[in-house]
Amino acid sequence: MDKRKMHGVWASRWTFILAATGSAVGLGNIWKFPYIAGENGGGAFVLIYLLCIALIGIPVMMAEVLIGRRGRMSPINAMRYVTSEAGLHGGWTAIGWMGVVAGLMIMAFYSVVAGWAVNYIFALASGEFSSAVGTVSTGYFDALLANNGKQAMWHSIFSFMTFAVVAAGVTRGLGMVARVLMPFLFVVLILLLGYGVVEGDFAAAFRFLFEFHFEKLTWNGVLVALGHAFFTLSLGMGAIMAYGAYMPDHSSIGRTIITVGLLDTVVALVAGLAIFPIVFATPGIEPGSGPGLMFVSLPVAFGSMPLGLIFGTLFFMLVTVAAWSSAVSLIEPGVAWLVETGKFNRIKATFLLAFVAWCGGLASIWNGAIFNALDFLTAQIMLPLGGLFIAVFVGWLMKRDVVAKEMDGEEHPLFEIWRFVLRYISPVLVALVMGLSLYSKLFG
Ligand code: PFF
């Protein structure tokens, strides 16, 4: 069989948008963005993050999808194809390999956090947080972190959910789920935003997120913002490349990716504006509380809200779905590759990789340092490096007419602007930020 056709193609441009948005919108937006914004002082961090999305994230995302669609295979084989098409050294295939490894590493802490969210569905439904105050919800979260067996159980359940969908094929499972449930997630977030405006300290939240205090931002904070731009767009590790491989031939990469990037950014900002009003109105919860921020602040709101039990349960169900549609894209690159070797069917391939990631998850439950190291290594090193190489590859090494043909943009003025940014701006900024933050770590 022609390997370039073996995985099939999304039914339409919209299916691709849904799947890519499903991959992009996840714990990164709702859990991670608010807490790292909190840890890095708010406004200035948010501004840098938005600049990274516009100047690096979206242009590189287009490049990554382009490689995937050109190669029409798993990231490893797609890279092999475009590399030989451009007459280059096979070493570039390493981008694909690094992506497969990074995906498993991310999954090994991602599914732990997703497991917390599953746990919270039941905690809210059972009325655990009715009229909870800050200390109660903080105590509950700390108790969960101290209970490894409980975390491992929820982590295993979430890992199994992910395995089931990837094994069934991404199109049949998640396309449908994302189409129905993502809009729901958005509605509940808006509702929480409304709660924050009425009951919380919305003005303080708004100032915190949008007033720039550059004195609070460090070089390391800039690197966190850059890394997060990659993480939140599922970029630099082949997930979006794998999804691009299943994109129909004649849909515009430019417009499609801008849609995905905007949706992702809006969800993150709304999540921030929903969480921080509660944080500022609740004694005992600080913006810099770290990974527990969402888990300690939102239950306080749900506990005092009319119908809070129902909305709270629903909210954590939706967070779980958002995490689920992202998690499948974390192992898809490796699964597609294993299937292409001809030695595995899809179910065996998925089982193998889900099992490896599951073991990693147990390790990060067992030792918080492993959890942190996996997060740091992927978001702040591997994804930005992957993105840098992708920008250089598409911007400088692929033939201009091949790129123009895939972008369908020979005559379009935006094509030249995009290509300019991809060549001169995105890679330079990534290298600069990584270099400066390394410098400040060593000598600062
Ligand atoms: N973009 C996802 C999120 O924001 O939660 C996380 C993620 C998924 C990162 C897939 C990388 C990836 F390949």
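As shown above, the structure is provided for reference.
Just so we're clear, the structure is a prediction, and the values are computed from it rather than from any experiment.

Rules used in this analysis
Residues numbered from 1 in each chain as written. Predicted model: local features only at pLDDT ≥ 70, side-chain atom pairs only at ≥ 80, totals over all residues. Heavy atoms only, no water. 1 Å grid on protein atoms, 1.4 Å probe; cavity = no way out; pocket = protein on both sides within 12 Å on 5 of 7 lines; lining within 4 Å. Points joined across faces, edges and corners; volume = space filled by probe spheres on them. Helix = DSSP H or I, 4+ residues; strand = E, 2+ residues; numbered from the N terminus. Nonpolar A, V, L, I, M, F, W, Y, C, P; charged D, E, K, R; others polar. Buried < 20%, exposed > 50% of the residue type's maximum accessible area, 1.4 Å probe, protein only. Contact = heavy atoms within 4.5 Å. Axes fitted to C-alpha atoms, helices over the stretch in contact; angles between N-to-C directions. Parallel < 35°, antiparallel > 145°, perpendicular 65-115°, else oblique. Left-handed = near helix turned anticlockwise from the far one by under 90°. Phe/Tyr/Trp six-rings, centres within 6.5 Å; stacked < 30°, edge-to-face > 60°. Arc of directions from axis to C-beta. Near = heavy atom within 4 Å. Polar contact = N/O pair within 3.5 Å; in protein donor to acceptor, adjacent residues only side chain to side chain.

Enquirer: Would you mind going over empty space enclosed by the protein with me for this structure?
Expert: One way to see where empty space is left: roll a probe the size of a water molecule over the atoms. In total, this model carries two cavities of 30 Å³ or more according to the counting rule given. Each pocket or cavity is described by its volume, and for the largest cavity that value is around 140 Å³. Along the walls of the largest cavity sit 16 residues, with Ser 23, Tyr 110, Phe 231, Ser 234 and Leu 330 positioned nearest its centre. At the level of secondary structure, the elements contributing two or more residues to the lining of the largest cavity comprise helix 1 (13–24), helix 5 (94–125), helix 10 (219–232) and helix 14 (308–340). Broken down by element, the lining of the largest cavity gets its largest block of residues, three residues, from helix 14. Residues that form the lining of the largest cavity fall into these classes: nine nonpolar, seven polar and no charged.

Enquirer: So what exactly am I meant to see when it comes to the environment of Phe 311 here?
Expert: Turning to its location among the elements, Phe 311 is positioned in helix 14. Owing to a relative accessible area of 23%, Phe 311 belongs among the partly exposed residues under this scheme. Taking the C-alpha atoms as reference points, Phe 311 and Leu 192, separated by 119 residues in sequence, lie 9.1 Å from one another. Residue contacts for Phe 311: discarding those within four places in its chain leaves Val 188, Leu 191, Phe 302, Met 305 and Pro 306.

Enquirer: For this particular structure, what's the right way to read the packing of helix 14 against helix 15 (residues 346–366)?
Expert: Axes are the key here: two packed helices are described by the angle between their axes and the distance separating the axes. Relative to each other, helix 14 and helix 15 sit at 135°, their axes nearing to 9 Å. By the angle between their directions, the pair helix 14 and helix 15 is classed as oblique. Note that helix 14 runs across helix 15; the crossing there is right-handed. Across from Ile 331, Glu 332, Gly 334, Val 335, Leu 338 and Val 339 in helix 14, the residues of helix 15 making contact are Arg 346, Ala 349, Thr 350, Leu 352, Leu 353 and Ala 354.

Enquirer: Any chance you could explain the packing of aromatic side chains here in plain terms?
Expert: Each aromatic ring pair is described using two quantities: the centre-to-centre distance and the angle formed by the ring planes. Applying the stated rule across the entire model yields 38 aromatic pairs. Look at Tyr 120 and Phe 129: their rings are 5.7 Å apart centre to centre, the planes differ by 15°, and that puts the pair in the stacked class. Judged by relative accessible area, which is 0%, Tyr 120 ranks as buried. Considering the side-chain rings of Phe 315 and Phe 316, the 5.2 Å spacing of their centres and the 85° angle between planes classify their relative orientation as edge-to-face. The residues Phe 315 and Phe 316 share a single accessibility class, namely buried.

Enquirer: Please clarify how helix 9 (residues 202–210) should be interpreted in this entry.
Expert: Three- or four-residue spacings in an α-helix give side chains the same orientation, since the helix completes a turn every 3.6 residues. Listing the buried residues of helix 9 in full gives Ala 204, Ala 205, Phe 208 and Leu 209. Buried residues along helix 9 cover an arc of 125° about the axis, so they all sit on one side.

Enquirer: It is not clear to me how the layout of surface pockets should be interpreted in this structure. Could you clarify?
Expert: Considered as a void within the structure, the largest pocket measures approximately 460 Å³ in volume. Lining the largest pocket are 17 residues; nearest its centre among them are Met 62, Gly 254, Ile 258, Leu 414 and Trp 418. Elements supplying a minimum of two residues to the lining of the largest pocket: helix 3 (43–71), helix 12 (253–281) and helix 18 (413–443). Ranked by residues supplied to the lining of the largest pocket, first place goes to helix 18 with five residues. For the lining of the largest pocket, a count of residues per class yields 11 nonpolar, four polar and two charged.

Enquirer: Looking at this structure, I do not really get unusual backbone geometry. What am I missing?
Expert: A negative phi angle is the norm for most residues apart from glycine, just as the trans form is the norm for most peptide bonds. Even without a glycine there, the phi angle at Arg 72 is positive, about 55°. Position of Arg 72 relative to the elements: it lies in the loop between helix 3 and helix 4 (75–85). The residue Ser 234 is not glycine, and still its phi comes out positive at about 60°. Examined against the element boundaries, Ser 234 turns out to sit in the loop between helix 10 and helix 11 (239–245).

Enquirer: Would you mind going over the site of the ligand with me for this structure?
Expert: Close to the ligand lie 16 residues, the nearest being Ala 24, Gly 28, Tyr 110, Phe 231 and Met 237. For the ligand, a nitrogen atom lies 3.2 Å from a polar atom in the backbone of Ser 23. A distance of 3.0 Å is found between a nitrogen atom of the ligand and a side-chain nitrogen or oxygen belonging to Ser 234. Here the residues of the shell around the ligand sort into eight nonpolar, eight polar and no charged.

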